[in-house]
Amino acid sequence: MKKITIAFPTFNRGLYLERAVVSIAEQVKNCHSHFDIELCVYDNSSTDETSKICERLQSEYDGIKVFRHDVNVGADRNILHALQQATGDYVWIFGDDDYILPGVLDSLLAVLQENDVSLLKMAGVEERDVRQGAASRVPMAQQARSLSQKRPVAASQYPFPDQILGAFGAGMGNFSSIVFSTKFFNRFYREPERVIFDSGYSQLEWMYRGIFEAPLKFFYVSEPCVSIRIEAIPRGLSSEKVVAGLNLLRNSISAIGYGEDVVEHFYKAQIEANRLGNLKACKFGEVSCLKAAMQALKEAQSVKLMAKVLVIALLPPSMYKSLWKRLG
């Protein structure tokens, strides 16, 4: 019997974590696939009610394992620890504020059972959230339990590495939408340079190297399978670290052998996203965004980007927050 480790690295998002774990644990109870399923929480020394919530989850669901660091080792280190400790044939690192959509777990496991998969990428839907750090406002886990009816999904292959990089870009770093074999991880993982490790791009270099060498074992499910929570202002990353890590990543994936055009498209898209992120942070913080707007306009490569910059810069904060949550 094959085994999958589903791991939840977490820090100070107790009620979001509860929703994430319950969304999967409820489907595990009704799962008919021939898989041994292991659920593990990796608590990065949280100071909220995460420990109590984990105890409650362990009392309600069989077999949930909880590991807690004595000190906060950083998000990337916590993820790496979960990867290294996984005992399954497959590993799924699940975001502590995301959740699986109803009825898809059985079908996803069937894809892994029926195919020789190194890496499975899933489509998702966004849950845009302006409530920075307000985990107490998240609906309780009981509201995430209408999950019993199986929903079929179909996986297709992307045969060319450049096609994968062009289609998914940095989205490959969102682990809630990625399942990969532990053989894939053990073969291709190598610890990145420290700059990349602190930038939010730490997983992409080894993943894209593995995809380049074994693209025919890459599968994609186009039906939405997970809900990805998008914070208005992502926590823990500075703009300088993001840009420095991105520059090193561009050099690395170019050296691997990806086409120059697709690498530059990936790079420019991330630079634009970073500039817009800086501008958005100013707007949500209700401080002057003039400097950030001028920088973004100076580097804009398209009329579409310039229009986004002007919309963010000119709209009142309350109106922009509402627009961002509804339209992205």
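Thresholds applied
- Residues numbered from 1 in each chain as written.
- Predicted model: local features only at pLDDT ≥ 70, side-chain atom pairs only at ≥ 80, totals over all residues.
- Heavy atoms only, no water.
- Helix = DSSP H or I, 4+ residues; strand = E, 2+ residues; numbered from the N terminus.
- Buried < 20%, exposed > 50% of the residue type's maximum accessible area, 1.4 Å probe, protein only.
- Contact = heavy atoms within 4.5 Å.
- Areas by Shrake-Rupley, 256 points an atom, 1.4 Å probe, with all protein chains shown as cover.
- Phe/Tyr/Trp six-rings, centres within 6.5 Å; stacked < 30°, edge-to-face > 60°.
- Lys NZ or Arg CZ within 6 Å of the ring centre and 35° of its normal.
- Axes fitted to C-alpha atoms, helices over the stretch in contact; angles between N-to-C directions.
- Parallel < 35°, antiparallel > 145°, perpendicular 65-115°, else oblique.
- Left-handed = near helix turned anticlockwise from the far one by under 90°.
- Nonpolar A, V, L, I, M, F, W, Y, C, P; charged D, E, K, R; others polar.
- Core = buried A, V, L, I, M, F, W, Y, C linked by side-chain atoms within 4.5 Å.
- Pairing = 2+ DSSP bridges.

A. Expanded view of the overall build of the chain. Summing up its helical and strand segments, the chain has 13 helices and 9 strands in all. By the burial criterion, 51% of the 328 residues in the chain qualify as buried. By sequence separation, contacts in the chain at least 24 residues apart represent 85% of the contacts at least 6 residues apart. Element-wise, carbon and sulfur atoms account for 52% of the exposed surface of the chain, whose accessible area totals about 15500 Å².

B. Just the packing of aromatic side chains, in detail. If you walk through the whole model with that rule in mind, you get 19 aromatic pairs. Consider the rings of phenylalanine 184 and phenylalanine 188, whose centres lie 5.2 Å apart with planes at 55°: the pair is tilted. Here the residue phenylalanine 184 and the residue phenylalanine 188 both occupy positions in helix H6 (residues 182-188), the gap between them amounting to 4 residues, near one helical turn. With respect to class, phenylalanine 184 is no different from phenylalanine 188; both count as buried. Residues tyrosine 189 and tryptophan 206 carry aromatic rings whose centres are separated by 5.7 Å and whose planes lie at 75° to one another, so their mutual orientation is edge-to-face. With tyrosine 189 in the loop between H6 and helix H7 (194-197) and tryptophan 206 in helix H8 (residues 204-213), this pair connects stretches of sequence that are 17 residues apart. Residues tyrosine 189 and tryptophan 206 agree in their burial class; the two are buried. Through a chain of ring-to-ring contacts, the aromatic side chains of Phe175, Phe180, Phe184, Phe185, Phe188, Tyr189 and Trp206 assemble into a single cluster. Positioned above the aromatic ring of tyrosine 267 is the side chain of arginine 250, whose terminal nitrogen or guanidinium carbon lies 3.7 Å from the ring centre.

C. Here's a closer look at the packing of helix H10 (residues 260-284) against helix H11 (residues 290-299). At a minimum axis distance of 9 Å, the contact between H10 and H11 shows a crossing angle of 160°. By the angle class used here, H10 and H11 are roughly antiparallel. Relative to H11, H10 is oriented so that their crossing is left-handed. Residues Ile271, Arg275, Asn278, Leu279 and Cys282 of H10 lie in contact with H11, whose contacting residues are Ala292, Ala293, Gln295, Ala296 and Glu299. Within the contact of H10 with H11, the residues separate by chemical class into 6 nonpolar, 2 polar and 2 charged.

D. Seen up close, the nonpolar core. Membership of the largest hydrophobic core comes to 43 residues, with the highest contact counts inside it found for Met172, Phe180 and Tyr208. Aside from chain neighbours lying at most four places away, what touches phenylalanine 180 is Leu83, Tyr90, Val91, Ser118, Leu119, Phe175, Phe185 and Trp206. The next biggest cluster of nonpolar side chains, apart from the first, holds 40 residues, and it includes Ala25, Tyr90, Leu105 and Leu109.

E. Expanded view of the packing of helix H5 (residues 161-168) against H8. Between H5 and H8, the least distance of the axes is 8 Å, while the angle of their chain directions is 145°. Across from Pro161, Ile164, Leu165 and Phe168 in H5, the residues of H8 making contact are Tyr208, Ile211 and Phe212.

F. Region of interest: the pairing of strand S4 (residues 90-93). Of the two faces of S4, the one holding Tyr90 and Trp92 and the one holding Val91 and Ile93 are both buried throughout. In this sheet, S4 lies alongside strand S1 (residues 2-10) in parallel orientation, the contact comprising 4 bridges. Within S4, the residue paired with isoleucine 6 across the bridge is tryptophan 92.

G. Local environment of helix H4 (residues 105-114). In terms of burial, H4 is largely enclosed, as 7 of its 10 residues are buried. Along H4, the residues classified as buried are Leu105, Asp106, Ser107, Leu108, Leu109, Val111 and Leu112.

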